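A structural walkthrough
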Number of protein chains: 2
Amino acid sequence: MSYDKTSVQAVLEQVRSDGRAALSAGEGQQICEAYGIATPQQALASSAADATQVAERLGFPVVLKVASNDILHKTDAGGVLTGLDSAEQVAKGYDTIMENARAYDADAHVTGVLVQQLLPRAQEVIVGATTDPVFGKLVAFGLGGVLVEVLKDITFRLAPTNAKHAAAMLDEISGAPLLDGFRGADPVNRPALAQLIENVSHLVSDFPEISELDLNPVFATSDGAVAVDVRILTDFEPAPTRYRPSEEEILAAMQRIMQPDAVAVIGASSEDGKIGNSVMKNLIDGGYAGEIYPINPRAEEILGKQCFKSVLDVPGEVDIAIFCIPARFVADVIAEVGQKNVAGAILIPSGFAEVGEHELQDEIVRVARESNVRLMGPNIYGFYYTPKNLCATFCTPYDEVGKVALSSQSGGVGMAIIGFSRSNNMGVSAIVGLGNKSDIDEDDLLTFFEQDPNTEVIAMHIEDLKDGRAFAEVAERVSKKKPVVVLKAGRTAVGARAANSHTGALAGDDRVYDAVFRQSGVIRAMTLNDMLEFARGLAVLPTPKGENVVILTGAGGSGVLLSDACVDNGLALMQFPDDLDAAFKEFIPPFGASGNPVDITGGEPPATYKNTIELALNDDRIHSLILGYWHTIITPPMVFAELLSEAVEAARARGIEKPVVASLVGDVEVEDACRYLMKHEILAYAYTAEKPVAVLGAKYRWARSAGLL
Amino acid sequence: MSYDKTSVQAVLEQVRSDGRAALSAGEGQQICEAYGIATPQQALASSAADATQVAERLGFPVVLKVASNDILHKTDAGGVLTGLDSAEQVAKGYDTIMENARAYDADAHVTGVLVQQLLPRAQEVIVGATTDPVFGKLVAFGLGGVLVEVLKDITFRLAPTNAKHAAAMLDEISGAPLLDGFRGADPVNRPALAQLIENVSHLVSDFPEISELDLNPVFATSDGAVAVDVRILTDFEPAPTRYRPSEEEILAAMQRIMQPDAVAVIGASSEDGKIGNSVMKNLIDGGYAGEIYPINPRAEEILGKQCFKSVLDVPGEVDIAIFCIPARFVADVIAEVGQKNVAGAILIPSGFAEVGEHELQDEIVRVARESNVRLMGPNIYGFYYTPKNLCATFCTPYDEVGKVALSSQSGGVGMAIIGFSRSNNMGVSAIVGLGNKSDIDEDDLLTFFEQDPNTEVIAMHIEDLKDGRAFAEVAERVSKKKPVVVLKAGRTAVGARAANSHTGALAGDDRVYDAVFRQSGVIRAMTLNDMLEFARGLAVLPTPKGENVVILTGAGGSGVLLSDACVDNGLALMQFPDDLDAAFKEFIPPFGASGNPVDITGGEPPATYKNTIELALNDDRIHSLILGYWHTIITPPMVFAELLSEAVEAARARGIEKPVVASLVGDVEVEDACRYLMKHEILAYAYTAEKPVAVLGAKYRWARSAGLL
């Protein structure tokens, strides 16, 4: 699609020089035409006679609409008359509309009446664009009329968007069946409608001064899509964009910050209970092998390490400085560490934006930028990077080495990560506190984790995004390689208010976050526990090679619950070809039901589990396996756990890697069996059918959005 | 409202004697009028001349509609013309409709064209009634047109319903705002619309031969509600209703079954591994103090108990007989235990309807009814009743005595209950396997638990309801006294298919289940784990005295997640009056945020938790308390747990009973703190903000529906 930018530029110049914010209907139509957005034939009439003349030129029937920038909801103002069939009706209609408009708002400036050709009956939809404080330009699509207003049946994309996403938007709304010829209607022309969405998204991206655009309604028919009403608002003073270094700069700094060879502790202390003491202890006890430089003007040595009065006195290079000093001293020391060419300042202190001290926070950001120092925090617990045994935090030493990197904006959530991972043997590569995010943000972390060979899964607790567009761009790229799980706190208005008082975060509309996460391939977790379980599970499960999921269960009741959970999590139960059905039936009692779930029935010996599990692992038409184990005396929990892990390990040895998850129901011994299975990298949960399926579902969501399925 | 039953009776008699299923438009209108359901003025015309005459009588404009029982979707057939303004238009319209109808379906019997007055523009809604295989007569309400068909925006009630429920239905649909004058429209007359729904519900209840009724559309305006189109179908051979003893009979039998003084074991055995041996052992090892009579023709004594050849040889009374014999012998022995006046047969054997042996199952039901024996099962693990130390099962002895009664239709879920309750110290009064539910059903259990002083909360895993109406009636009564939690398995089409192959259950539409559960005051759990957690939590939490929920948190991040969870679970964060806000602020650092959540901030000593918790417990404007604990060195987990339980226990000692739930985040020590709190009857969960709030939300849902709030 080629766009006529010059025409748009000319229209917008006129609007700007007039000092207006809103465009006239004619201007809107001009802009639409320049971007390949069809509008009905129409002309502005400034008298009844004029109106009849225009109508005769367009051909009857016509529609009349009041033309006024001051009247936004024309219908409410009695400013729309439709289906006018004759010159008399048009003349009379012109007067009626002018009277109605005066009655509605005597102060409104009315430029006349728009005479429009009456389009044939169509499905009414809405296409719009807006400027989101977090994400910038967004394009929106929904069904027209009350549907979008009452039911909020609308979907979003970052603008500009492409043909694939525009087409996907058409399917995302609940009312999507109406586009496809519901109850005998003609289906709409989907490519034309998608093209219109794409055009709008380019228009607002190319001209950021267009702050809002509404095509409402768009008439969608089998022929095409026509924007019947166009409303465009401008803002010629857009908000400044957040500073962002280049990707190379980000990566160079983040590598030094996350994997430092030398660490300074600003405000190190020998005194028990001080943060500067806890940090020193954690660095040493955690087993960090790099240089540790305590900085304190009033000490010679701290915990056996030579102490320096200033970071400038340190003989060697320093990669990060961990700040354990009060907020008011931070800015000056940032300047110092900048002089020392320190890559990052880890700002544990609180007392900044989170308590309303915005100026103090702005100040440290300014100094840091001048000094070329990246800031983590302030108001954080610090961070862990286990491959270097680095515990740059006042919390506690930590040693569950593994493949999951996590970040949190809240210390509480950070501590939940530590406890959960330790209790559940979730191996972790990094835990990072981001707190107020004055500088280092999720997109910086993503850029580092993307290339970090020690990290395979990334999970993030987010209260707000400082630069939603940067996050979306980086997340879209990274999530193609490694799963990115996000828990967005402040989903609800009440939660967002709490987040606001907590970190001064400006939370956007959750539906926008949801759309952007989906677009970026981010796996959204709706609860803290889901974030933790998804993070653990995604690191353990191999990527499935296809959509064929099979449930094998000893308890029919578990089979039902597991089936429900599959639907809830977007998983498809494989339809068995006859030979596969017959193969399973050979192993199970004659009264066992056919098909999927495979119900091996309750009282079966270990061999039945073993045979059916091996069959499922070895048949390459089956891509994932969900087990429902039922505790019986004949096949006790640990017997099941052992036979399952043996079968899976034997398959792995033959190069067969399939996701296997298990739900175990029974007496308390099933908890030991779950732990045993988890140690053998088989996801197993007691007393729940839903959790294992939810985690498998998360893996599928990721594999699909990463294009691996 | 008084209804003219005689008129309806006359119309239906005619339909029946004609051998028809569908009513004509005129008959539909007659029936509506008899039940106070307004319809437009109209008359049937059998010629164009006739039509113009009718139109002139009614006054222009009019609507024409094809009159044919063979054409259900009149619009699709080109059988509706609207807004006809003159005699000529009507005459021409008559011919057009007749032609269209012939073209649409040449075989359709067309009785003419209905001429109707054109009603003013209105909100179109749908009111309908249907006959559900599980629940019988239902009344439905939704918005008209595509909304109901595409978006399934519809709600149900059991018919007949009352004014309160009919009014509630109007609010339950997503499109509800459209009823209240959206975008300047007049609001509809809600009482009139609710009355119409109520009238329809009575009509189909009074005349069960009306199998389906559709008022589509109903025009709802500020004046009233008029059924523009009426479609009624009949079925004069309704399905037979399930046998149900009287409530007194149910209770008398269930008391003997659940609390027996003497138990016979049919097929008792000395042989290890046999079900008849496991049952004997569990009875004895479980500590059952009543009489135990092993029955086996080939033994003198089993496990130290005298054995009898037949239950008829037992000297004393016998309350229940536990069957451990193959399916084919069951029917004969049921007759025997009937002769012995045994109240209930506990049918462990499988091999009945669940494997397609429907005749065998019908046979035992017939014999049982003749012998006046109630049947539990078949195809079950048995049941537990802990107040009598009764383990009437082959599973395992069990002794977690407490207040929660649970039932499951699946053995797997039964075992999950046992493991979960033991692991989480959930005290249990009963665990009952219902399996195929050939006779004893959830409503029988509810009738028993309702009056059982040992039971305070009831939780049920249900795959299907054999008599949905009986369940709804009993549940509505019982849930006013004791919370009833239900996990409905087979929620999804796939799950329902699995349930079907599993127990032969015919699962109804899940939206109907959902509506009935809501109407009956049942707390629905969507997952197995939720059912278990709700059951445990509802038994522990006192009933709140009001809606004012307060969050107290040491971690701002937890406060945000807890706030989100409150919204998800329908809980309202209390708006603090100034004095309360000031009172909290006195205890927290000056930079702590105002309002609710109360963020006491991270580094606070135990006294801050203690002071704010005591304030919240003692202020009687606060009704429930949610705590977000954050692990710090200053206030370690067990210190928090002890101070919280001391404060709650001190309040209890003063007669203050408020629900208190806690989310603990931190290192693994928080798990011990949770266990400690749980032992002190404070619901506490680690690494999750959502679970404690979900359980509190369940308690509120119950308290509201039971009329306690």
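Residues numbered from 1 in each chain as written. Chains lettered and ligands numbered in written order. Predicted model: local features only at pLDDT ≥ 70, side-chain atom pairs only at ≥ 80, totals over all residues.

Describing the overall build of chain A
Put simply, the test is: A run of DSSP states H or I qualifies as a helix once it reaches four residues; a run of E qualifies as a strand once it reaches two. Both are numbered from the N-terminal end. Burial is judged by counting other C-beta atoms within 10 Å of a residue's own C-beta: 20 or more means buried, 12 or fewer means exposed, and anything between counts as partly exposed, with every C-beta placed from the backbone. By definition, residue pairs are in contact when their C-beta atoms, positioned from the backbone, come within 7 Å.
The number of helices and strands found in chain A is 23 helices and 29 strands. Along the longest, intermediate and shortest principal axes, the C-alpha atoms of chain A span 95 × 80 × 40 Å. Counting only residues that meet the buried cut, chain A has 56% of its 709 residues in that class. Within chain A, residue pairs in contact and separated by at least 24 positions form 72% of the contacts whose partners lie at least 6 positions apart.

Looking at the relation of the copies chain B and chain A
For clarity, the cut-off: The fit set for superposing copies consists of C-alpha atoms from residues with pLDDT of at least 70 in both; the fit itself is least squares.
Superposing chain B onto chain A takes a rotation of 180° plus a shift of 0.0 Å along the axis, which leaves an RMSD of 0.1 Å. Such a combination of rotation and displacement between the chain copies is what one expects of a two-fold axis. Interface overlap between copies is the fraction of interface residues in one copy that are interface residues in the other; for chain B against chain A it reaches 99%, indicating a shared surface.

Notes on the environment of Ile334 of chain A
All names here are of chain A. Position of Ile334 among the secondary structure elements: in helix H10 (residues 327-339). The buried category is assigned to Ile334, around which 27 C-beta atoms lie within 10 Å. Taking the C-alpha atoms as reference points, Ile334 and Val279, separated by 55 residues in sequence, lie 18 Å from one another. Those residues in contact with Ile334 that lie beyond four places of it in its chain are Ala345, Ile364, Val367, Ala368, Ser371 and Val373.

Considerations on the confidence of the model for chain A
Under the convention used in this document: Values of pLDDT, which run from 0 to 100, indicate the predictor's confidence residue by residue.
Looking at chain A as a whole, the pLDDT averages 93, with 98% of positions reaching at least 70. Among the prediction metrics, the complex's ipTM stands at 0.91, with pTM recorded as 0.91.

Comments concerning the sheet that holds strand E15 (residues 320-323) of chain B
Residue and element names in this part refer to chain B. Let me state the cut-off plainly: Whether two strands pair comes down to DSSP finding at least two bridges between them. Inter-axis angles, ranging from 0 to 180 degrees, are taken between N-to-C directions of lines fitted to C-alpha atoms, where helices are fitted over the stretch in contact.
As summarised here, the arrangement of the five strands in space is E12-E11-E15-E16-E17, forming an open sheet in which the pairing is parallel. One side of each edge strand has no neighbouring strand; the edge strands of this open sheet are strand E12 (291-295) and strand E17 (374-376). Along the sheet, successive strands turn relative to each other by an average axial angle of 20°, direction set aside. On the sheet, helix H9 (residues 275-285) packs against strand E11 (262-266), E12 and E15 and is oriented at approximately 160° with respect to E11.

Some remarks on the domain arrangement of chain A
To keep things clear, this is the line we draw: Domain delimitation in this document rests on an assignment produced automatically or drawn from a domain database.
Domain annotation of chain A identifies domain 1 (5-117), domain 2 (123-234), domain 3 (247-539) and domain 4 (543-705). Of note, the centres of domain 2 of chain A and domain 4 of chain A, computed from C-alpha atoms alone, are 43 Å apart.

Thoughts on the sheet that holds strand E1 (residues 42-45) of chain B
Residues and elements named next belong to chain B. Pairing within the open sheet is antiparallel, and its four strands lie in the order E1-E4-E2-E3. Here the strands that pair on one side only, and so sit at the sheet edges, are E1 and strand E3 (80-84). Averaged over all neighbouring strand pairs, the angle between strand axes comes to 20°, with direction disregarded. Of the pairings in the sheet, the one linking strand E2 (residues 62-67) to E3 comprises three bridges and is antiparallel in character. Bridging from a neighbouring strand, Lys65 pairs with Val80 of E3. Against the sheet, helix H4 (residues 87-104) touches E1, E2, E3 and strand E4 (112-117), its axis set at about 25° to E2.

Observations regarding the interface of chain B and chain A
Convention followed: The classification used treats Ala, Val, Leu, Ile, Met, Phe, Trp, Tyr, Cys and Pro as nonpolar, Asp, Glu, Lys and Arg as charged, and all other residues, Gly among them, as polar.
Contact with chain B, which involves 74 residues of that partner, is made by 73 residues of chain A. Taken together, the elements giving at least two residues each to the side of chain B that touches chain A come down to helix H5 (146-151), helix H12 (411-423), helix H15 (493-503), helix H17 (528-540), helix H18 (556-568), strand E27 (624-630) and helix H22 (669-679) of chain B. Taken together, the residues of the side of chain B that touches chain A break down into 34 nonpolar, 30 polar and 10 charged.

A closer look at the pairing of strand E2 (residues 62-67) of chain A
Across a regular strand the side chains alternate sides, sitting on one face of the sheet and then on the other. Residue and element names in this part refer to chain A. With six of six residues buried, E2 lies mostly within the body of the structure. Here E2 shows a buried face lined by Val62, Leu64 and Val66 and a second buried face lined by Val63, Lys65 and Ala67. Sheet analysis places E2 next to strand E4 (residues 112-117), joined by six bridges and oriented antiparallel. Looking at the pairing, Val63 lines up with Gln116 of E4.

Re the packing of helix H21 (residues 637-653) of chain A against helix H22 (residues 669-679) of chain A
All names here are of chain A. Rules: The scheme is simple: roughly parallel for angles under 35 degrees, roughly antiparallel for over 145, roughly perpendicular for 65 to 115, oblique for anything else. Handedness of each helix crossing follows the sense of rotation of the near helix against the far helix: counterclockwise by less than a right angle gives left-handed, clockwise gives right-handed.
H22 packs onto H21 with a crossing angle of 15° between their chain directions and a minimal axis gap of 8 Å. What the angle tells us is that H21 and H22 run roughly parallel. Between H21 and H22 the crossing geometry is right-handed. In this structure, H21 uses Pro637, Met638, Phe640, Ala641, Leu644 and Ser645 to contact H22, whose residues at the interface are Glu669, Val670, Asp672, Ala673, Tyr676 and Leu677.

Observations concerning unusual backbone geometry
Residues and elements named next belong to chain A. Note that the residue after Asn216, namely Pro217, is joined by a cis bond; omega there is 0°. Among the structural elements, Pro217 can be located in strand E8 (residues 210-220). One non-glycine residue, Asn341, adopts positive backbone phi at about 60°. Locating Asn341 in the fold gives a position in the loop between H10 and strand E16 (344-347). Residue classification places Asn341 among the partly exposed positions, given that 13 C-beta atoms sit within 10 Å.

Considerations on helix H11 (residues 358-371) of chain B
Residues and elements named next belong to chain B. What counts, and what does not: In this scheme, a helix's expected span is set at 1.5 Å multiplied by one less than its residue total. The arc in question is the one spanned by the directions pointing from the helix axis to the C-beta atoms.
Taking 1.5 Å of rise per residue, 14 residues should cover 20 Å, and H11 covers 20 Å from first to last C-alpha, within 8% of that figure. Of all the residues in H11, the buried ones are Gln361, Ile364 and Ala368. Take H11 and look down its axis: the buried residues cluster within an arc of 65°, on one side only. Looking at H11, the residues exposed on the side facing more than 90 degrees away from the buried face are His358, Glu359, Arg366 and Glu370. At its buried positions, H11 is contacted by helix H10 (327-339), strand E16 (344-347) and E17. Phi turns positive, to about 60°, at Asn372, one or two residues after H11.

Details of the pairing of E4 of chain B
Pairing analysis gives four bridges linking E1 of chain B to E4 of chain B, with the strands arranged antiparallel. What sits directly across from Ala45 of chain B, in E4 of chain B, is Val113 of chain B.

Here we look at the environment of Arg477 of chain A
In this structure, Arg477 of chain A sits in helix H14 (residues 468-478). Sequence separation of Arg477 of chain A and Ala706 of chain A is 229 residues, and the distance between their C-alpha atoms is 9.3 Å.

With respect to helix H2 (residues 25-34) of chain B
Residue and element names in this part refer to chain B. Among all positions in H2, only Ala25, Gly28, Gln29, Ile31 and Cys32 are buried. Looking straight down H2, one finds its buried side chains confined to an arc of 165°; they lie on one side. If you follow the buried residues of H2, they end up packed against helix H1 (5-18), E1, E2, E4, strand E9 (225-227) and strand E10 (230-234). Just downstream of H2, Gly36 is the residue with a positive phi angle, here 70°.

Overview of the environment of Val62 of chain B
All names here are of chain B. With respect to the helices and strands, the residue Val62 is situated in strand E2. Taking the C-alpha atoms as reference points, Val62 and Leu114, 52 residues apart in sequence, are found 10.0 Å from one another. Each residue touching Val62, except ones within four places of it in the same chain, is listed here: Ala55, Leu84, Val90, Val115, Gln116, Gln117 and Leu118.

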